[in-house]
Amino acid sequence: MKRLILMRHAKTEPWTEGIDDFGRALTEQGHADARRMAEEIVARGWSPERILVSTARRARETCSEVAKVVEGERVRPMEALYLSGQRGILDAVRQNDGASTLMVIGHNPGLHDFALNLLRDGGSSDHESSERLAEKFPTACAALFESDEDGPFLPVHFRLTDVMRARDFRETGLA
């Protein structure tokens, strides 16, 4: 694997009594953000060969918006990614490290913690991206890690090269 994209699901309806967390849907803004992030992923040449996605509704809906824009990807829903911690995400990545560009769509805090550990292990080629990642990992955020090695996934080989946030691409006047 040469590239790993970590993406948090897009903005969701708030949790309230009567709504199961697993079944929370994307808001209209969430759908728009996920689609715009996918467009930017393609424009930057990050297109994933394979996407691992949590089976929670909000993650699947985010993935659906991404799949409308990204061509040729293979999607693999994984129950283990629902609210997974760092170890679960690491296991999922290692099981799928045959893809040249792998994308994981999941949840915080596990996804952010995993990204921070990768940053600590492999470093960064862009200081501003490091600062943005350390600050927070908001909804519809995507981080790209790249490796010069083309072999099994070893965190120490992956360096952070870019971080994108949906709000960076919103039109003026949108929430």
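Quick caveat: nothing in here was measured; it's all calculated off a predicted structure.

Participant: Could you give an account of helix 3 (residues 86–95), naming the residues involved and the relevant values?
Facilitator: Listing the buried residues of helix 3 in full gives Ile-89, Leu-90, Ala-92 and Val-93. For helix 3, the arc enclosing every buried residue in end-on projection is 165°, short of the 170-degree limit, so these residues lie on one face. Pointing more than 90 degrees away from the buried face of helix 3 are the exposed residues Arg-87 and Gln-95. At its buried positions, helix 3 is contacted by strand 1 (3–8), strand 2 (50–54), strand 3 (74–78), strand 4 (101–106) and helix 4 (110–122).

Participant: Describe the packing of helix 4 against helix 5 (residues 127–135), listing the residues and the values that go with them.
Facilitator: Viewed as axis vectors pointing N to C, helix 4 and helix 5 meet at an angle of 145°, and their least axial separation amounts to 10 Å. In the packing of helix 4 onto helix 5, the handedness of the crossing is left-handed. Contacts from His-112, Ala-115, Leu-116 and Leu-119 in helix 4 reach Ser-130, Leu-133 and Ala-134 in helix 5. Of the residues that constitute the contact of helix 4 with helix 5, the class distribution is five nonpolar, two polar and no charged.

Participant: Summarise the nonpolar core; cite the residues concerned and give the values.
Facilitator: Counting 28 residues, the largest nonpolar core has Leu-4, Leu-6, Val-93, Phe-114, Leu-133, Phe-145 and Phe-153 as the members making the most contacts within it. Taken together, the elements giving at least two residues each to this core come down to strand 1, helix 3, strand 4, helix 4, strand 5 (142–147) and strand 6 (158–164). The leading source of residues in this core is helix 4, at six residues. Those residues in contact with Leu-133 that sit more than four places away from it in its chain are His-112, Ala-115, Leu-116, Leu-119, Phe-145, Leu-160 and Val-163. By size, the runner-up hydrophobic cluster in this structure holds 23 residues, among which are Ile-5, Ala-10, Ala-38 and Ala-142.

Participant: Let's hear about the environment of Glu-131: which residues, and what values?
Facilitator: With respect to the helices and strands, the residue Glu-131 is situated in helix 5. With a relative accessible area of 46%, Glu-131 lands in the partly exposed category. In this structure, the C-alpha to C-alpha distance between Glu-131 and Gly-45, residues 86 residues apart in sequence, is 23 Å.

Participant: Which residues make up the pairing of strand 5, and what are the values?
Facilitator: Across the six residues that make up strand 5, a large majority, six, are buried. Burial along strand 5 is two-sided: Ala-142, Leu-144 and Glu-146 facing one way and Ala-143, Phe-145 and Ser-147 facing the other are all buried. Where strand 1 lies against strand 5, five bridges are found, and the strand directions are antiparallel. Looking at the pairing, Met-7 lines up with Ala-142 of strand 5. In terms of strand pairing, strand 5 meets strand 6 through six bridges, oriented antiparallel. Following the sheet pairing, Glu-146 is matched in strand 6 by Arg-159.

Calculation rules
- Residues numbered from 1 in each chain as written.
- Predicted model: local features only at pLDDT ≥ 70, side-chain atom pairs only at ≥ 80, totals over all residues.
- Heavy atoms only, no water.
- Buried < 20%, exposed > 50% of the residue type's maximum accessible area, 1.4 Å probe, protein only.
- Helix = DSSP H or I, 4+ residues; strand = E, 2+ residues; numbered from the N terminus.
- Arc of directions from axis to C-beta.
- Contact = heavy atoms within 4.5 Å.
- Axes fitted to C-alpha atoms, helices over the stretch in contact; angles between N-to-C directions.
- Left-handed = near helix turned anticlockwise from the far one by under 90°.
- Nonpolar A, V, L, I, M, F, W, Y, C, P; charged D, E, K, R; others polar.
- Core = buried A, V, L, I, M, F, W, Y, C linked by side-chain atoms within 4.5 Å.
- Pairing = 2+ DSSP bridges.

Honestly, it's all geometry; don't read function into it.
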